[in-house]
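Remarks on the overall topology
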Amino acid sequence: MFKEKDIQQLKSRGIDPKEAEKQIGYFKKGFPFMRLVKAASIGQGIIRLTQNHLKDFADKYSSNKNIDIIKFVPASG
């Protein structure tokens, strides 16, 4: 399913490729029901990006002219 560079990127982020395949399967087949106990917050499922992260992402965006831009609207509005 993954190309070698994808596998290397996953591993560099500490993600097992089998786990990534499992998660992709959820998007294809649907997610199991989950009872929520509290809202997500910083440190509880939400990661606060540092200024270095933001700069890195902006630099990658600026340097790559062959990307497709899409709009993402979260279901919560």
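Counting restarts for each chain: residues are numbered from 1 in the order of the written sequence. It should be noted that, the model being predicted, local features are given only for residues of pLDDT at least 70 and side-chain atom pairs only at 80 or more, the latter also being counted only at that level, while totals for whole chains, interfaces and linings use all residues. Note that water and hydrogens are dropped before the side-chain values are worked out from all heavy atoms of the structure.

Only Phe, Tyr and Trp rings are paired, with Trp represented by its six-membered ring, and only when their centres lie within 6.5 Å; those with planes under 30 degrees apart are stacked, over 60 edge-to-face, the remainder tilted. Scanning the entire structure with this criterion turns up two aromatic pairs. Between Phe 27 and Phe 31, the aromatic rings sit 5.1 Å apart at their centres with planes inclined by 85°, giving edge-to-face as the arrangement. The pair Phe 27 / Phe 31 is uniform in exposure class, with both members exposed. Site record: aromatic cluster; members linked through ring pairs are Tyr 26, Phe 27 and Phe 31. For each residue, the accessible area found with a 1.4 Å probe, counting protein chains only, is set against the maximum for its type, and the residue is called buried under 20%, exposed over 50%, and partly exposed in between.

Our focus in this paragraph is the environment of Val 37. By the element assignment, Val 37 lies in the loop between α2 (17–29) and β1 (41–42). Residue classification places Val 37 among the exposed positions, given a relative accessible area of 78%. Along the chain, Val 37 and Tyr 26 lie 11 residues apart, while their C-alpha atoms are 21 Å from each other. Each helix corresponds to a stretch of at least 4 residues labelled H or I by DSSP, and each strand to a stretch of at least 2 residues labelled E; elements are numbered beginning at the N terminus.

On to a nonpolar patch on the surface. Taken together, the side chains of Ile 47, Leu 49, Leu 54 and Phe 57 present a nonpolar region at the surface, about 410 Å² in accessible area. Residue position: Phe 57 is located in helix α3 (residues 51–63). With a relative accessible area of 45%, Phe 57 lands in the partly exposed category. Here the term patch refers to residues with relative accessible area over 30% and no salt bridge, with like charges joined within 9 Å and nonpolar side chains (Val, Leu, Ile, Met, Phe, Trp, Tyr) within 5 Å. The accessible surface values rely on the Shrake-Rupley method and a 1.4 Å probe; as for residues, cover is taken only from the protein chains in view. For salt bridges, the criterion is a side-chain nitrogen of Lys or Arg within 4 Å of an Asp or Glu carboxyl oxygen.

Under the criterion given, the structure shown has one salt bridge. Across the pair Lys 55 and Asp 59 runs a salt bridge, and its minimum N-O distance is 2.7 Å. On the criterion of helical spacing, the pair formed by Lys 55 and Asp 59 is a turn pair, its members being four residues apart in helix α3. Classification of Asp 59 by relative accessible area gives partly exposed; the value is 37%.

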